[in-house]
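# Remarks on the overall topology
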Amino acid sequence: MNFDLTTEQLMIKRTIHEFAEEEVAPGAVDRDKSKHFPIEIFKKLADLGMMGLPFPEEYGGGGADSVSFAIVVEELSRVCGSTGITYSAHISLGGAPLHLFGTEEQKQKYLTPICTGESLGAFGLTEPNAGSDAGGTMTTATEKNGVFVINGNKCFITNASFAKHLALTAITGKVDGKKEISAIIVPTGSPGFTIIDNYEKMGLNSSNTTELVLESVSVPAANLLGVRGNGFKQFLVTLDGGRIGIGAMAVGIAQGAFEKALSYSKERKQFGKSLSSFQAIQFKLADMALKIELARNMVYKAAWLKDQGRPFSKEAAMCKLYASEMCMEVTSQAVQIHGGYGYMKEYHVERMMRDAKLLEIGEGTSEVQRMVISRLIVN
């Protein structure tokens, strides 16, 4: 087994590490307070050619692999979880279904703007009563005279305010008494399409999380993405890739919290000695480093399997589950090592701990991941 990154992957890692330190980190605390979406950062990422990183060059992408995608998500998340989740969703949820299931015409029209950064990527799956439960889907798309008329609501949708179009799931009919769920590409500027951005969140405050309201939104039937009736199956495939992104994000946030805790423990003096000289603190730091490294290896393995065209659903669920729970633990320990200062916003770690909590929820809760893993093992 070769654990060395390729020359291209190392170059991407160095580039995005420097970018994160110089462009993303300085405003992270202020953005968390003001809830300002860092659109200027994503314009610069587009200039670097990162917005379409794993997609083919003919659509404006970078032609890179999933490991490179994971590296970028990790490095951005290390300094700002909001930036990390925005980028991860842009690629894995916005661009991926178009790349996987779109026609050539759809890719040229809808994937290209995502790759160039002209539009951020988003997708509409979750509803008030439907996330992992496909049967709870209520949004409908009625076809008549070559047009889908869509009505319904979506919630907790990332990036929609900055997306010119997105794919969403809707009921397009019934087959044997069961809901036929399909995926449809919908321009966000369509009449009757309303985006509401007023959630008050625990963390990831400078990311864009929205509610979508569709009232008789009309789109051509040619906007059907993939096979009619396969919409939910397609998004389950999409979510496998999304879990790699969440795992990478968890590794990044945990790495950032660990670095803050390590630096603080060396500088802070107690009883005439640095905190890092006390065995209790050393053991905490050792456990944190160990778990981060294990999670990173799990993320990279899942990404590598995906790049090899091999089954990776189990590994993606495992890396998402372990990395997200690890991240919550590591960020909590980072706050603990900081003591009272860890409770203060300017020391970053409390923000990282708040951001970490979503990772146990996004792309399916930890309980859902355990269910996915157990089914793959048993079957």
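So, here is what we can say about the structure in this document. Just so you know, these numbers come straight off a predicted model, no measurement behind them. (Residues numbered from 1 in each chain as written. Predicted model: local features only at pLDDT ≥ 70, side-chain atom pairs only at ≥ 80, totals over all residues. Heavy atoms only, no water.)

### Overview of the pairing of strand S7 (residues 209–220)
Judged from the 9 bridges that link them, strand S3 (residues 147–158) and S7 form a sheet pairing that is antiparallel. Across the sheet, valine 147 pairs through a bridge with proline 220, a residue of S7. Looking at chain direction, strand S6 (residues 193–196) and S7 are connected through 4 bridges and run antiparallel. Across the sheet, phenylalanine 193 pairs through a bridge with leucine 214, a residue of S7. (Pairing = 2+ DSSP bridges. Helix = DSSP H or I, 4+ residues; strand = E, 2+ residues; numbered from the N terminus.)

### So, the pattern of salt bridges
Throughout the structure, instances matching the rule amount to 20 salt bridges. Where lysine 291 meets glutamate 329, a salt bridge forms, and the shortest distance between an N and an O atom there is 2.4 Å. On the criterion of sequence distance, the pair formed by lysine 291 in helix H8 (residues 279–307) and glutamate 329 in helix H9 (residues 313–338) is long-range, its members being 38 residues apart. Exposure remark for glutamate 329: the relative accessible area of 36% places this residue in the partly exposed category. Here the residues in one salt-bridge network are Lys13, Glu21, Glu75, Arg78 and Glu259, joined through shared partners. (Salt bridge = Lys/Arg side-chain N within 4 Å of Asp/Glu carboxyl O. Buried < 20%, exposed > 50% of the residue type's maximum accessible area, 1.4 Å probe, protein only.)

### A few points about the layout of surface pockets
In this structure, the second largest pocket spans a volume of roughly 550 Å³. As for the second largest pocket, its lining consists of 19 residues, and the residues nearest its centre are Asn2, Phe3, Tyr300, Lys301 and Trp304. It is H8 that contributes the most residues to the lining of the second largest pocket, 8 residues altogether. Along the lines of polarity and charge, the residues of the lining of the second largest pocket split into 7 nonpolar, 5 polar and 7 charged. (1 Å grid on protein atoms, 1.4 Å probe; cavity = no way out; pocket = protein on both sides within 12 Å on 5 of 7 lines; lining within 4 Å. Points joined across faces, edges and corners; volume = space filled by probe spheres on them. Nonpolar A, V, L, I, M, F, W, Y, C, P; charged D, E, K, R; others polar.)

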